[in-house]
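Descriptive structure summary
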Amino acid sequence: MYSNKSIYVILFLGLISSACSTSQNVTTSGTIPLNKTTQATLWVQNAAEYKAHALQAYNTAERMLPLAIEDSYWTASINQEENQNFSSLPPAVILDIDETVLDNSPFQARMIKQGKTFNVEDWNAWCNQAEADAITGAVAFTNYAKEHGVTIFYISNRSHEVEYATRKNLIEQGFPVSDDMDNIMTNGEEPEWNSSKIQRRNVIEENYRVIMSFGDDFNDFLPAKEMTQQERYNLLLENADKFGERWFVFPNPVYGSWEDALFDFNDDLTEEERNRILNNRLNTKN
């Protein structure tokens, strides 16, 4: 029969053994694969601040919407500003899909854990699952806009081959999707519809007064492909008054044209050259 002292010793050793075992398990099974998007993906999936950014945009847009509807000279389109032939057109809003209304961070997390980088095959497989969750605030805003007579358009650079699954995903998340017209406009759906989104915006602008635009990339608001960082910054200054009123941009630290602009859209750089450029882009003020 064990004495009280012996029992305490046994229990103590057992706790140490259990703690060591747990520590070892965490160390071996909890290793995060090396991937440049890990920290960004963790932020998107876990930070309350990320959801706050989205709510801030959609809440602001909802407050501005009645004024935008009432003012027939209100437009978020640069083309319509220049042409001035839009005041009698019915109102519409244009939204990007990925990282604007649908959250694809699980796909990125999957790529990280599998040690992969973006590829079309895996991306289309993810889209066809139709399991992306809605970005915080997006469902409430789009339905509010629809209830107030605003037509909703989604312009996405998802391939046309995944449009059916994308439509299913949007409907299941509660977004307004039309049965009477095609309000989901995907890349390649028409021969002239490419990743720039210009042609698709033009089609909408011919028939609707675009009162608001939403996206996570500069190209969701105006043509900015192949532009340098300085040129993009100049465009920002020229259109500064539109952000938070007619244009609403969402944070996307994981991917986007901002990253391509770091390398001046040069796809032929070696890893060493890319790392050198990134190092030079870090501003230490000394």
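Just so we're clear, the structure is a prediction, and the values are computed from it rather than from any experiment. In this numbering scheme, every chain counts its residues from 1 along its sequence in written order. This being a predicted model, a pLDDT of at least 70 is required before a residue's local features are given, and a value of 80 or more before pairs of side-chain atoms are given or counted; all residues contribute to the totals for chains, interfaces and linings. The side-chain numbers reported here are obtained from all heavy atoms of the structure, hydrogens and water having been left aside.

Only centres within 6.5 Å qualify two rings of Phe, Tyr or Trp (six-membered ring in Trp) as a pair; their planes then separate them into stacked at under 30 degrees, edge-to-face at over 60, and tilted for everything else. Per the stated rule, a full pass over the model turns up 16 aromatic pairs. The interplanar angle of 75° and the centroid separation of 5.5 Å between the aromatic rings of Trp43 and Tyr50 together place this pair among those described as edge-to-face. Owing to a relative accessible area of 29%, Trp43 belongs among the partly exposed residues under this scheme. On the basis of an interplanar angle of 80° and a centroid distance of 6.2 Å, the ring pair of Phe107 and Phe118 is categorised as edge-to-face. Taken together, the residues span a long stretch of sequence, with Phe107 in helix α5 (residues 105-113) and Phe118 in the loop between α5 and α6 (120-129) at a distance of 11 residues. Aromatic rings pair up to connect Tyr58, Phe141, Phe214, Phe248 and Phe250 into one cluster. Per-residue accessibility, obtained with a 1.4 Å probe over protein chains only, is compared with the maximum for each type, and a residue is labelled buried under 20%, exposed over 50%, and partly exposed between these values. A run of H or I in DSSP becomes a helix once it reaches four residues, and a run of E becomes a strand once it reaches two; helices and strands are each numbered from the N terminus.

Within the fold, Ser77 resides in the loop between α3 (48-70) and α4 (78-83). Owing to a relative accessible area of 2%, Ser77 belongs among the buried residues under this scheme. Only heavy atoms enter the contact rule, under which two residues are in contact if any of them lie within 4.5 Å. Beyond its immediate stretch of four places on either side in the chain, Ser77 contacts Glu205 and Val210.

A few words now on α6. Turning to α6, its buried residues number three or more, namely Trp123, Asn124, Trp126 and Cys127. An end-on view of α6 places all buried positions within 155° of arc, on one side of the element. Of the residues trailing α6, Ala130 is marked for its positive phi of about 55°. By construction, the arc corresponds to the directions joining the helix axis to the C-beta atoms.

Attention now moves to the pattern of salt bridges. Salt-bridge detection follows one rule: a side-chain nitrogen of Lys or Arg within 4 Å of a carboxyl oxygen of Asp or Glu. For the structure on display, the rule yields 10 salt bridges. Two residues, Arg158 and Asp98, come together in a salt bridge whose shortest N-O distance is 2.9 Å. With a gap of 60 residues between them, Arg158 in strand β4 (residues 151-159) and Asp98 in the loop between β1 (91-95) and β2 (102-103) connect regions that are remote in the sequence. The exposure class assigned to Asp98 is buried, which follows from its relative accessible area of 8%. The shortest N-O distance in the salt bridge between Arg246 and Glu245 comes to 2.9 Å. Given a relative accessible area of 16%, Arg246 falls into the buried group. Judged by its relative accessible area of 27%, Glu245 falls in the partly exposed class. Shared partners join several salt bridges into a network, and the residues in it are Asp96, Lys197 and Asp220.

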